[in-house]
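# Notes for the structure review
Next come the chains, spelled out residue by residue.
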Amino acid sequence: MKNLYCYFVLILLFSISSCENNEDILEENIQNKTNFTIKKVKYNELIKNTIISEKINQIQGIKTKLETNKTIYNSIYDFFIATEEAVFIDDGISQSYTFPVYRLDQPVITENLVIYIDSQKTLTYLVDYGEDITTIKNKSKTELERNKVKHYLLDLDTSAMIGSKIVDPTLELVCIESYSWELVEYHEGDLTGGPLYEYGWVLQSSSCAWVSNGGGGGTSGSDGSTSGNDGSTGTTGGSGSLNGGDTVNTTPTSISDMNGGGSGVSLNQAFRDQLNEEQNECLNSLSLTQQRDIRNYINDLASTTNAVSIIPYFNKVEDFMDAACGNPDLSFDFYLSLLSPAYIDFSEIDTTTPEGQRLDCIYKKLTSSVEFRQLFEDTFGGDQDKINVKFRLQPNLLSVNGLPSDGNCTPTEVINGNYYTVITINSDILTGNLEKANILIAKTIIHEYLHAYLNLKYLDINQGTTLSFLSNLQLEELMYYYFTPATEHDFMFNQMIPVFQNILSEIISELLSTEDIADTNNNPITDANGIVIENFNFMNFYKYIAYEGLHNSQSYMNDIESNPIEKRKHIEYNNYAKNSSNDCQ
């Protein structure tokens, strides 16, 4: 173990008005402060400093090598550097630049990239505070002394390691820590004048020792020297290690600090950074509304995901982008798609009209159901892909038999061989002479979704099937072609009906009024003679309304039509549904 004596400076931005910062403590700490120059430096100034730009490029090169070589892969390098702004610190002997870094799987942990410069060398460190920036800033001196900060030297010659069996090419420093009090620029200034300052803690780490996790050693710093416009000077070269008297100064900072507390901005930048060139082009090609909704969604993640991995949420956005860019003739609604079993084009639904408003309202009630979002997985089992769906409204909608129809679905092939489905809802059931209750319209939407998905599954197993043939089939007819009698019965009673029950049970208070629900206590199900068959049962209620539109299926004929009690329950529960609320708020 090699012992080195070094100092790492941790500046905590505590307000003078903090409860701990009474006048006595303030006066004592000011007397003990050292002479540091600390300020923020913008990107346009940073890039003029060739030492800094070379070091950033070097670290990015190391990350690229490690990502493509599994032998020496190290998760420590799975970070992104935010170079928009850095904190510059000068102690008269050396200088440092502190950059926020972030990881997709740990969005709230504070880590910084620190570039150290003195007259002999330039070194780069990753500093890991192990907790979020708010927690760090709110700690007392005693609490800070208990917190052990990890420091990793990143200046490794990875070209020498390629092909070797080094598992962990990092060197960690462990130090003894003490604190002082410093004047820190916490805001670059506003219209009233220059920068704003406050006093904050400075952590000085000394008696540092190497902890080597797998071998490796320091490398030489970059050759050459530069003078940056921020007032820094430095010459690189020499050995890649610290001398006993070296001091490395840094301050804990996050992208939320750099952006005035807007942590959502950092996640949006993180999302952008992890996209490839093609994905970035796709994102830029989306409509302004789609881009805005994606930004807002990612902003909201900052306050809702805590320390949970952000990657699954990013994956959902990328999946939406793939669907949107792969179907340029469709205009998917981001939020509706995120909460639906399909990517949804609602662009032809005029939500300024009464019928458009009602469809939009009831559809959004459905999206509050978790079961609705995983409709196809729960109905057909396993992992199921989202389908592409365009919604339309049409008055006087008729079936192929010339009878009024609540809805239908038509599969449409696009140029690249994919399909999307147009689901048409009869606008007369929303507002008009055929107006129906909320719960029956919700049932119709679920019904048409299942019809659309089964169409696509049938196309997969029957390549010669024409789209016109499928467009003329009702769901009950399609089930006849898709299933055998035994499998149809299993599908309906063990898969499809339970899904209807689960979805409707989650949102029943959104679809029925309080009065509707209270009335169920006074409405038992009776036979034609008024004899009670059963008290009102909500799970049976959902089951029997789900049968609507399936009257000609073999399973319905065998289990419902041929059984007088079952047939009576079907009629009575549907009569109750027809008389329930049609007011969607």
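Quick caveat: nothing in here was measured; it's all calculated off a predicted structure.

Scoring rules and cut-offs
- Residues numbered from 1 in each chain as written.
- Predicted model: local features only at pLDDT ≥ 70, side-chain atom pairs only at ≥ 80, totals over all residues.
- Heavy atoms only, no water.
- Helix = DSSP H or I, 4+ residues; strand = E, 2+ residues; numbered from the N terminus.
- Buried < 20%, exposed > 50% of the residue type's maximum accessible area, 1.4 Å probe, protein only.
- Disulfide = S-S within 2.5 Å.
- Arc of directions from axis to C-beta.
- Core = buried A, V, L, I, M, F, W, Y, C linked by side-chain atoms within 4.5 Å.
- Contact = heavy atoms within 4.5 Å.
- Phe/Tyr/Trp six-rings, centres within 6.5 Å; stacked < 30°, edge-to-face > 60°.
- Pairing = 2+ DSSP bridges.
- Axes fitted to C-alpha atoms, helices over the stretch in contact; angles between N-to-C directions.
- pLDDT = per-residue confidence, 0-100.
- Polar contact = N/O pair within 3.5 Å; in protein donor to acceptor, adjacent residues only side chain to side chain.

This part takes up the overall build of the protein chain. Secondary structure summary: the protein chain contains 22 helices and 19 strands in total. Burial statistics for the protein chain: of 585 residues in total, 51% are counted as buried.

Moving on, we get to the state of the cysteines. Throughout the structure, instances matching the rule amount to two disulfides. The partner cysteine of Cys282 in its disulfide is Cys325, sulfur to sulfur 1.9 Å. With the S-S dihedral at roughly 100°, the linkage between Cys282 and Cys325 falls on the right-handed side. Taken together, the positions of Cys282 in helix H8 (residues 277-285) and Cys325 in helix H10 (residues 311-326) put the pair 43 residues apart, joining distant regions of the chain. Accessibility expressed as a relative area gives 32% for Cys325, which makes it partly exposed.

Residues of helix H21 (residues 554-561) that are buried: Ser555, Tyr556 and Ile560. Angular distribution of buried residues about the axis of H21 spans 90°; they occupy a single face of the element.

It is worth spelling out the nonpolar core at this point. Counting 62 residues, the largest nonpolar core has Ile344, Tyr363, Phe391, Ile439, Ile445, Tyr449 and Phe541 as its most contacted members. Considering each element in turn, this core owes the most residues, 13 residues, to helix H15 (residues 438-461). Residues within four places of Ile439 in sequence aside, it is in contact with Leu504, Ile508, Leu511, Leu512, Phe541, Tyr542, Ile545, Ala577 and Ser580. Within the second largest apolar cluster, 27 residues are counted, among which are Ala270, Leu275, Ile310 and Phe334.

Scanning the entire structure with this criterion turns up 28 aromatic pairs. Taken together, a centroid distance of 5.2 Å and an interplanar angle of 70° make the contact between Phe536 and Tyr573 edge-to-face. Of the two residues, Phe536 sits in the loop between strand S19 (532-534) and helix H20 (538-546) while Tyr573 sits in helix H22 (residues 564-578), which places them 37 residues apart along the sequence. Look at Phe536 and you get buried, because its relative accessible area is 14%.

Let us now look at the sheet that holds strand S17 (residues 419-426). Spatially, the four strands line up as an open sheet ordered S14-S15-S17-S16, and their pairing is mixed. The open sheet has two free edges, formed respectively by strand S14 (342-345) and strand S16 (407-413), since each of these has just one partner strand. The mean inter-strand angle of the sheet, taken between neighbouring strand axes irrespective of direction, is 30°. Where strand S15 (residues 387-394) meets S17, seven bridges bridge the pair, whose relative direction is parallel. The partner of Arg392 across the bridge, within S17, is Thr424. Along the sheet, helix H12 (residues 354-367) contacts S14, S15 and S17; its crossing angle with S15, the most-contacted strand, is approximately 145°.

Burial of strand S5 (residues 95-102) is extensive: eight of the eight residues sit out of reach of the surface. Burial along S5 is two-sided: Gln95, Tyr97, Phe99 and Val101 facing one way and Ser96, Thr98, Pro100 and Tyr102 facing the other are all buried. In terms of strand pairing, strand S3 (residues 80-81) meets S5 through two bridges, oriented antiparallel. Bridging from a neighbouring strand, Phe80 pairs with Tyr102 of S5. In the sheet, strand S4 (residues 85-90) pairs with S5 via four bridges, with the strands oriented antiparallel. What sits directly across from Ile89, in S5, is Ser96. Taking the residues between adjacent antiparallel strands as the criterion, S4 and S5 are bridged by four residues, where Gly92 takes a positive phi near 90°.

Within the protein chain, residue pLDDT values average 74, and 66% of them lie at 70 or more. Per-element confidence in the protein chain ranges from a low mean pLDDT of 33 for strand S11 (residues 224-227) to a high of 96 for H12. Residue range residues 69-73 is modelled with pLDDT below 50. Its contacts to residues more than four positions away, or to other chains, number 16 contacts. Scored below 50 in pLDDT, residues 213-244 shows 98 contacts in the model against residues more than four places distant or in partner chains.

Turning our attention to H20. Most of H20 is tucked away: seven of the nine residues are buried. Those residues of H20 lying buried are Asn540, Phe541, Tyr542, Lys543, Tyr544, Ile545 and Ala546. For H20, the N-terminal capping position is held by Asn537, with its side-chain oxygen 3.0 Å away from the main-chain nitrogen of Met539.

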